[in-house]
Amino acid sequence: KIPFLCAIPAKDRGRGAPFPVAIYGHGYGSARFEMIGFAGNIARYGIATCVIDAYGHGLVIPKDAEEIADSVFGAYKARGLKNALVPGRARDLDNDGVPDSGGDFFTADLFHTRDTVRQSVLDQMVLVRALRACDGTRRALQDYKRSGTKNIACDFDGDGIPDLGGFKNDYFTWGQSLGGILSST
């Protein structure tokens, strides 16, 4: 599983839905949560932003801060956002019970490093492939409005039009630090 996150502009931005998509690549040791700082500005131009966690990366909330995180997300009625952000791809490499985001991405083993970069680029390509499938003909697995009928794929507001993606749409990639490396590959 490769968790992803997308931010979609309001309908009055740009040319309207389905919106073109900017694939954001987060920095080394970071996570897809980083995208939230940029998505609003990009949305002003009518472009959706999507992100995945690179291989071995993810948002890490230490065990002693988990209760605080739950209260903060709960206070803003955003527990669903926390649940969407936390299951990342970071792994516990030193068996201390805390995942190490990006801990083995760049190593002295050149072939391993090549493979982690390659895997992250391939994962972004799979995201683009999935977004291109949002062509208005496929049905989602969810019934977002609980109407008894599954929605059109990528139609999150239930208006019958995919909110982003599609085969003929524009896709861009950019990032910083590790994301800049991945977007140039």
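Residues numbered from 1 in each chain as written. Predicted model: local features only at pLDDT ≥ 70, side-chain atom pairs only at ≥ 80, totals over all residues. Heavy atoms only, no water.

## Observations regarding the packing of aromatic side chains
Counted by the stated rule, this structure contains five aromatic pairs. A ring pair is formed by Tyr24 and Phe38, whose centres lie 5.2 Å apart and whose planes are at 40 degrees; its orientation type is tilted. Taken together, the positions of Tyr24 in strand S2 (residues 21–25) and Phe38 in helix H1 (residues 36–43) put the pair 14 residues apart, joining distant regions of the chain. Overall, the relative accessible area of 0% leaves Tyr24 in the buried class. Relative to Trp174, the ring of Tyr24 has its centre 4.7 Å away and its plane inclined at 55 degrees; by these criteria the two rings are tilted. Of this pair, Tyr24 sits in strand S2 while Trp174 sits in strand S4 (residues 171–175), and the two are 150 residues apart along the sequence. Aromatic rings pair up to connect Tyr24, Phe38 and Trp174 into one cluster. The ring of Phe167 has Arg132 lying over it, and the distance from NZ or CZ to the ring centre is 5.5 Å. (Phe/Tyr/Trp six-rings, centres within 6.5 Å; stacked < 30°, edge-to-face > 60°. Helix = DSSP H or I, 4+ residues; strand = E, 2+ residues; numbered from the N terminus. Buried < 20%, exposed > 50% of the residue type's maximum accessible area, 1.4 Å probe, protein only. Lys NZ or Arg CZ within 6 Å of the ring centre and 35° of its normal.)

## Digging into the state of the cysteines
Counting across every chain of the model gives two disulfides. Each sulfur in the disulfide pair Cys6 and Cys50 lies 2.1 Å from the other. Here the S-S torsion is close to 110 degrees, and the disulfide linking Cys6 with Cys50 is therefore right-handed. Placement of Cys6 in strand S1 (residues 4–7) and of Cys50 in strand S3 (residues 48–52) is noted, with a sequence separation of 44 residues between them. Note on Cys6: relative accessible area 25%, which makes it partly exposed. A residue is classified by how much of its surface remains accessible, and Cys50, at 0% relative accessible area, is buried. (Disulfide = S-S within 2.5 Å.)

Purely geometric numbers; function is a separate question.
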